[in-house]
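Single-letter residue listing:
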Amino acid sequence: VQLQASGGGLVQAGGSLRLSCADSGRTFSRYHMGWFRQAPGKEREFVATITWSGVSTFYADSVKGRFTISRDNAKNTVYLQMNSLKPEDTAVYYCAAARVVTTTGRSYDYWGQGTQVTVSS
């Protein structure tokens, strides 16, 4: 598994961004995928996760109703659609792959390099 995140950028509050995370390997569909974020001076926090089949998703309370995680196993890609963005969503966003369904970062086996999301007020 080799993950490459993209799609970050600068957006005004209330705007939208879609993050993508592509896997160049051949085992993407075997893994549950997650998104995490880390703001300056803060610990990394869970954002969302999706099961390998895409049937089940889980979200942090802070993003529920605004963010949507999805995946396309044919394209080896997981997405994070972020709507109604707030300045407190500013962080580096990381995608990760896990063999288990979990919201705990240390349980993820592979991590992408991160993409910066900045939301201006």
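Described in the following lines is the structure provided in the data block. All of these numbers come straight from a predicted model, not from anything done at the bench. (Residues numbered from 1 in each chain as written. Predicted model: local features only at pLDDT ≥ 70, side-chain atom pairs only at ≥ 80, totals over all residues. Heavy atoms only, no water.)

1. Brief notes about the pattern of salt bridges
Put simply, the rule is: We count a salt bridge whenever a side-chain nitrogen from Lys or Arg sits within 4 Å of a carboxyl oxygen from Asp or Glu. Buried means the residue's accessible area, taken with a 1.4 Å probe over protein chains only, is under 20% of the maximum for its type, while exposed means over 50%, and partly exposed covers the values in between.
With the rule as written, the count across this model stands at five salt bridges. Taking the shortest distance from any N to any O, the salt bridge between Lys64 and Asp61 comes out at 3.1 Å. Summarising the burial analysis for this pair, Lys64 and Asp61 share the class exposed. It is possible to trace a salt-bridge network through shared partners that takes in Arg37, Glu45, Arg66 and Asp89.

2. Side note on the pairing of strand 4 (residues 32–38)
Let me state the cut-off plainly: Put simply, DSSP H or I for four residues or longer makes a helix, DSSP E for two residues or longer makes a strand, and each gets a number counted from the N terminus. Paired strands, in this sense, are two strands between which DSSP finds at least two bridges.
Most of strand 4 is tucked away, with six of its seven residues classed as buried. Bridge analysis of strand 4 against strand 9 (residues 91–98) gives seven bridges, and the strand direction is antiparallel. Across the sheet, residue Gln38 finds its bridge partner in strand 9, namely Val92. Here strand 4 pairs with strand 5 (residues 45–50) via five bridges, running antiparallel. Across the sheet, Arg37 pairs through a bridge with Glu45, a residue of strand 5. Counted along the chain from strand 4 to the antiparallel partner strand 5, the turn is six residues long, and its residue Gly41 has a positive phi close to 75°.

3. Focus: the sheet that holds strand 1 (residues 3–6)
Going by this rule: Interaxial angles span 0 to 180 degrees and are taken between N-to-C directions of axes, which are lines fitted to C-alpha atoms, for helices over the stretch in contact.
Pairing within the open sheet is antiparallel, and its four strands lie in the order 1-3-8-7. Unpaired on one side and paired on the other, strand 1 and strand 7 (67–72) mark the two borders of the sheet. If you compare each strand with its neighbour and ignore which way they point, the axes differ by 15° on average.

4. Here we look at the state of the cysteines
As a reminder of what qualifies: Criterion for a disulfide: a pair of cysteine sulfur atoms within 2.5 Å.
Under the counting rule described, the total for this entry stands at one disulfide. Each disulfide pairs two cysteine sulfurs, and for Cys21 the partner residue is Cys95, the sulfurs being separated by 2.0 Å. Here the disulfide of Cys21 and Cys95 is right-handed, its torsion about the S-S bond being about 60°. On the criterion of sequence distance, the pair formed by Cys21 in strand 3 (residues 17–23) and Cys95 in strand 9 is long-range, its members being 74 residues apart.

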